Amino acid sequence: MTTYSEDKKFYLQTGYTAARKWLVDSAGFKDVSINGQPNNKDRVFGRPAYNYIGGQRGGPVRTQLQDALKRKNFHLQTGVRVRRINQIRGVASGVLAEVGNRNVSISLSPGGRVIVSTGAIASPGLLMHSGIGPQDMLSKLPTSETSPSNWVINSEVGKGLFDNPNTFIELSGPDIKSYTHSYDNPVPLDRDLYLNSRSGPYSVASQTSVFWGYVPNPDGSRTGVQGTIDSSGFGGFTGNKTITLNIYGTSGLLSSGRVELSSDGKLVPTPSAGIYYSHPRDGMNIAKFIHSIFQSLPNSTPQAPSAVGLTPLNLPRHSTVQDIYEFITTPSTYAVGSVQHWSSSCRIGRCVDANTKVIGTRNIFVVDASIVAPLTVNPQFGVMVAAEKGAERILATWSL
């Protein structure tokens with residue numbers, strides 16, 4: 001949905017208005033209803049579509065979980081850490097879990113399945129700790145955990161780990177009114193508006209607008225880029241007339257890494273190096289996109305800001321493509337930071353089959369962000385779609 005507040009009003013709109021003038025009126029982006037044209041991600045601008053219910057964030061906890069809790073054959077157990085799947089050459093018999101500081105072995109019923117859903121880093125890590133994964137990672141495991149004779153060698157477990165590379169560009173404008181959500185000390189009127197009627201600034205996210213574009217490649221492929229406008233500044237630029245432009249690389253990028261078990265003896269699943277910008281084409285394409293939209297900004301500098309529009313503060317308006325490339329690929333407060341959109345580390349067709357079963361196993365499945373390829377958006381909705389379809393496929397094979 002694109003109307004979030006229960007009173008149907010839009011809040012924090014000065015950044016949205018300025019961004020629309022820039023990207024639609026000056027840069028030629030098309031103003032669209034995002035859900036009305038879901039497949040159009042080339043030079044389009046609009047209001048973000050969020051999964052909100054009644055002025056609050058929605059999601060499976062508000063929907064599917066509530067239905068599941070009504071089932072007599074469903075049990076929700078919190079405070080559990082699954083340490084590994086007990087499996088012999090791909091056939092799982094149960095899981096070893098830590099519950100209340102005690103190790104508990106939980107057995108499967110006859111014909112039962114293990115469905116792993118712990119995220120794109122933890123799920124491959126759990127498979128590896130269970131003796132399923134690349135041989136170089138499994139060789140780190142102590143033989144007391146799992147015998148090499150029971151290993152399932154699957155080199156695709158953990159491979160292709162992806163996160164959106166992001167850059168924060170700080171913008172100021174004479175008509176901007178920044179707004180920072182302060183949950184410890186909210187503005188009393190805004191607090192009461194939310195608590196009493198689920199309306200106002202606290203019923204909405206801080207991203208007020210969103211846009212997309214593609215950068216073509218010589219081989220005919222395209223690199224996707226997404227941008228959002230936040231209602232406040234960031235880092236060293238938090239003045240009252242400041243907002244944040246966040247630029248993400250999305251689909252079609254060539255940079256990725258893998259999930260590895262740490263070499264410090266703790267064997268913690270962790271991202272490898274090279275997740276962001278390991279392939280120079282990615283950074284250069286994102287830099288080209290930023291450069292292209294900067295051409296539609298008014299001629300101004302932080303020292304001599306334009307009377308209208310927006311002025312970039314931490315990246316000069318007249319930066320070259322190479323300048324921008326160096327800015328976005330050099331780690332700083334504003335660039336090359338994790339946005340926690342992890343995905344793609346146990347992809348369908350490589351690590352799991354079309355039914356989400358881990359290849360090389362008989363009854364072990366993965367359904368979470370790890371099975372999807374990089375998307376053109378924040379992967380939340382894509383993961384929910386994959387989960388719905390994955391559940392259908394698993395249920396369809398249950399009697400086989």
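So, here is what we can say about the structure in this document.

Calculation rules
- Residues numbered from 1 in each chain as written.
- Predicted model: local features only at pLDDT ≥ 70, side-chain atom pairs only at ≥ 80, totals over all residues.
- Heavy atoms only, no water.
- Helix = DSSP H or I, 4+ residues; strand = E, 2+ residues; numbered from the N terminus.
- Buried < 20%, exposed > 50% of the residue type's maximum accessible area, 1.4 Å probe, protein only.
- Lys, Arg positive; Asp, Glu negative; His and termini not counted.
- Salt bridge = Lys/Arg side-chain N within 4 Å of Asp/Glu carboxyl O.
- Polar contact = N/O pair within 3.5 Å; in protein donor to acceptor, adjacent residues only side chain to side chain.
- Contact = heavy atoms within 4.5 Å.
- Patch = residues over 30% accessible without salt bridge, like charges linked within 9 Å, V, L, I, M, F, W, Y side chains within 5 Å.
- Areas by Shrake-Rupley, 256 points an atom, 1.4 Å probe, with all protein chains shown as cover.
- Phe/Tyr/Trp six-rings, centres within 6.5 Å; stacked < 30°, edge-to-face > 60°.
- Lys NZ or Arg CZ within 6 Å of the ring centre and 35° of its normal.
- Core = buried A, V, L, I, M, F, W, Y, C linked by side-chain atoms within 4.5 Å.
- Axes fitted to C-alpha atoms, helices over the stretch in contact; angles between N-to-C directions.
- Parallel < 35°, antiparallel > 145°, perpendicular 65-115°, else oblique.
- Left-handed = near helix turned anticlockwise from the far one by under 90°.
- Nonpolar A, V, L, I, M, F, W, Y, C, P; charged D, E, K, R; others polar.
- Disulfide = S-S within 2.5 Å.

1. Considerations on the side chain of D190
Note on placement: D190 falls in helix α5 (residues 188-197). This buried residue, D190, is left without a salt bridge; R191 holds the nearest opposite charge, at 9.7 Å. Reaching out from D190, the side chain makes a polar contact with the side chain of Y179 at a distance of 2.5 Å. Other than its neighbours up to four places away in sequence, D190 contacts Y179, P201 and Y202.

2. Details of a nonpolar patch on the surface
A cluster of nonpolar side chains, L69, F74 and L76, forms an exposed patch at the surface whose accessible area comes to about 270 Å². You can see L69 is positioned in the loop between α2 (64-68) and β5 (80-88). A residue is classified by how much of its surface remains accessible, and L69, at 46% relative accessible area, is partly exposed.

3. Regarding the packing of aromatic side chains
Tallying each qualifying case throughout the model produces 13 aromatic pairs. Relative to Y52, the ring of Y4 lies with its centre 5.8 Å away and its plane at 55°, an arrangement referred to as tilted. Taken together, the residues span a long stretch of sequence, with Y4 in the segment before α1 (14-26) and Y52 in strand β3 (residues 52-53) at a distance of 48 residues. We note that Y4, like Y52, is buried. Taken together, the aromatic side chains of F168, F234, F237 and Y334 make up a single cluster linked through ring pairs. The cationic tip of R47 hangs over the ring face of Y16; the distance from NZ or CZ to the ring centre is 4.0 Å. The aromatic ring of Y214 is capped on one face by R222, whose charged end is 3.7 Å from the ring centroid.

4. Observations regarding unusual backbone geometry
Unusually for a residue other than glycine, L12 sits at a positive phi of about 55°. Relative to the helices and strands, L12 is located in the segment before α1. Relative accessible area serves as the criterion here: at 16%, L12 is assigned to the buried category. The backbone of S344 shows a phi angle near 75°, a positive value even though the residue is not glycine.

5. Looking at the nonpolar core
In terms of nonpolar packing, the biggest core is built from 68 residues, with W22, L127, F211, I247, I290 and I293 touching the most fellow members. For I290, the residues in contact, after removing those within four places along its chain, are I169, I247, L315, I324 and I328.

6. Side note on the pattern of salt bridges
Scanning all chains against the criterion turns up nine salt bridges. Its salt-bridge partner being R281, residue D219 comes within 3.8 Å of it at the nearest N-O pair. Of this pair, D219 sits in the loop between β13 (207-216) and β14 (222-230) while R281 sits in helix α6 (residues 280-294); the two residues are 62 residues apart in sequence, bridging distant segments of the chain. Residue D219 is classed as exposed on the basis of its relative accessible area of 58%. In this structure, R258 engages E260 in a salt bridge whose closest nitrogen and oxygen atoms are separated by 3.4 Å.

7. A closer look at the packing of α6 against helix α7 (residues 321-329)
Across the interface, α6 lies against α7 with an axial gap of 8 Å and an inter-helix angle of 120°. Considering their axes alone, α6 and α7 lie oblique with respect to each other. Two packed elements cross with a definite hand, and for α6 against α7 that hand is right-handed. Contacts between α6 and α7 involve P280, G283, M284, I286, A287, K288, I290 and H291 from the first element and V321, Q322, I324, Y325, I328 and T329 from the second. For the contact of α6 with α7, the per-class residue count stands at nine nonpolar, four polar and one charged.

8. Examining the state of the cysteines
Evaluation of the coordinates by the stated rule reveals one disulfide. Disulfide pairing places C346 opposite C351 at an S-S distance of 2.0 Å. Measuring handedness by torsion sign, the sulfur bridge of C346 and C351 sits at about -55° and is left-handed. Comparing C346 with C351, the two get one shared label, buried.

Remember, this is a structural readout, not a statement about activity or role.
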